[in-house]
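Descriptive structure summary
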Amino acid sequence: MRRAWLPAGILLLWAVLALCVQFLSLSPNQIQLERILVPPGSASLLGYDDLGRSIGDRLLHGARTSFLVAAWVVCLSALLGTLIGTFGAWRGGWWDRLLVQLMDIFLAFPGILLAIALAGLLGPGIDNVVIALTVVGWVGYARLSRAQVLSLKHREHVMAAEALGTRKHVIMRRHLLPLMAAPLIIEATFGVAAVVIAEAGLSFLGLGVQPPAASWGAMIRDGTRYLLVAPHMVLAPGLAIFVVVVSVNLLGDRLRDRLDTRSESGRGHAS
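Summarised in this report is the structure supplied together with it. On a predicted model such as this, the values are computed, not experimentally measured, just so you know. (Residues numbered from 1 in each chain as written. Predicted model: local features only at pLDDT ≥ 70, side-chain atom pairs only at ≥ 80, totals over all residues. Heavy atoms only, no water.)

Right, let's get into unusual backbone geometry. Glycine aside, residues mostly have negative phi angles, and peptide bonds mostly take the trans form. Of note, the bond from P211 into P212 is cis; its omega dihedral lies within 30 degrees of zero at 5°. Position of P212 relative to the elements: it lies in the loop between helix 7 (168-204) and helix 8 (216-223). The phi dihedral of L37 falls on the positive side, at around 60°, and the residue is not glycine. Here L37 shows up in the loop between helix 1 (5-20) and helix 2 (55-91). For L37, a relative accessible area of 24% corresponds to the partly exposed category. (Helix = DSSP H or I, 4+ residues; strand = E, 2+ residues; numbered from the N terminus. Buried < 20%, exposed > 50% of the residue type's maximum accessible area, 1.4 Å probe, protein only.)

Right under this line is the structure:
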C-alpha cells in the first residue's frame, strides 16, 4: 500500500468535510450583490459566483452532496447486486438464465443515458438521483458476484458444508462472502468515482439537487455562462471533481494490487 497515503488522505479529508460541513459557520446561499463575479482574493480564496455567493462555501456543501450520493449509491448497488448475483448463481437453472438476460438488457443501454432517462422520469432531486444511479449500478456487482459464486461453489469446503446439511444462507455468509469481499471492495472503490461523475453530470443537466442547494455539477453549469469573464466559477468545482476521481482511482489501483491474491501467488511461484 505504498504511495496510497496521499489519495487515501484526500478521500478522508473529503469524507470529513462532507460529514462536518453542516456544523461549520458557512453561508453558501448568502447573496452579496457587491461581490458578484469577484475573482479569488484575500476576501475569498475561491472568489464569488454570479449571485455574489462564496464559491468556497458552496464547494464544501457540494462536497457533502457528492459524498452522500456516492455513499448511498455504492452501498445500495453493492448490496442489491451482490444479493441478486449470489442468489442466481447459487440456484442455477432458469433463475440464473433469467438473471443473465436481465443483466444483458441493462447492459444494452449506456449507463449514463439510462440514468438520465430514469432521473427525468422520476423528476429532479437528490433522492431520485440515488434511485436512478442505483438502478443502473447494481449490474456490475451482480455480474462480479455471480462469477465469483460460480467459481467458489464447487470448492471442497463449500461442497463439504453443503453435504453436512449446513443451511444455504450460512454457507453464503461463512464460506462465500468472505472470499468474495476483496473483488467487491475493489469494484465498490472504482464505483465511487463513477457515481461522483454521474451525479455531477445529472446536476449539470438540472436533474440533480435543485437550487439553492449546492452541487459541483450545478456549480459548473452556472459557471459556463460566465466562463470568459469569471473562469474561477468552473475551475473550482471542476478541480474538486478531478482530484476526488483521480484519488479514488489511484486508491482502487493500490487496493487491487494489494488484494489480488492471484498475482501474489504468481509472484511467489516465480520466485
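There's more to say after this.
In this structure the tally under the stated criterion is six salt bridges. A salt bridge links R256 to D253; the shortest N-O distance between them is 2.7 Å. Within this pair, R256 and its partner D253 are both found in helix 9 (residues 232-259), separated by three residues, close to a single helical turn. Connected through salt bridges with shared partners, the residues D50, R221, D222 and R225 form a single ionic network. (Salt bridge = Lys/Arg side-chain N within 4 Å of Asp/Glu carboxyl O.)

In this section: the side chain of E199. Inspection of the secondary structure assignment puts E199 in helix 7. Buried E199, no salt bridge; nearest opposite-charge side chain is R221, N-O distance 9.6 Å. If near-sequence neighbours (up to four positions away) are discounted, E199 is found in contact with T65, S66, V69, V129, L133 and S215. (Lys, Arg positive; Asp, Glu negative; His and termini not counted. Contact = heavy atoms within 4.5 Å.)

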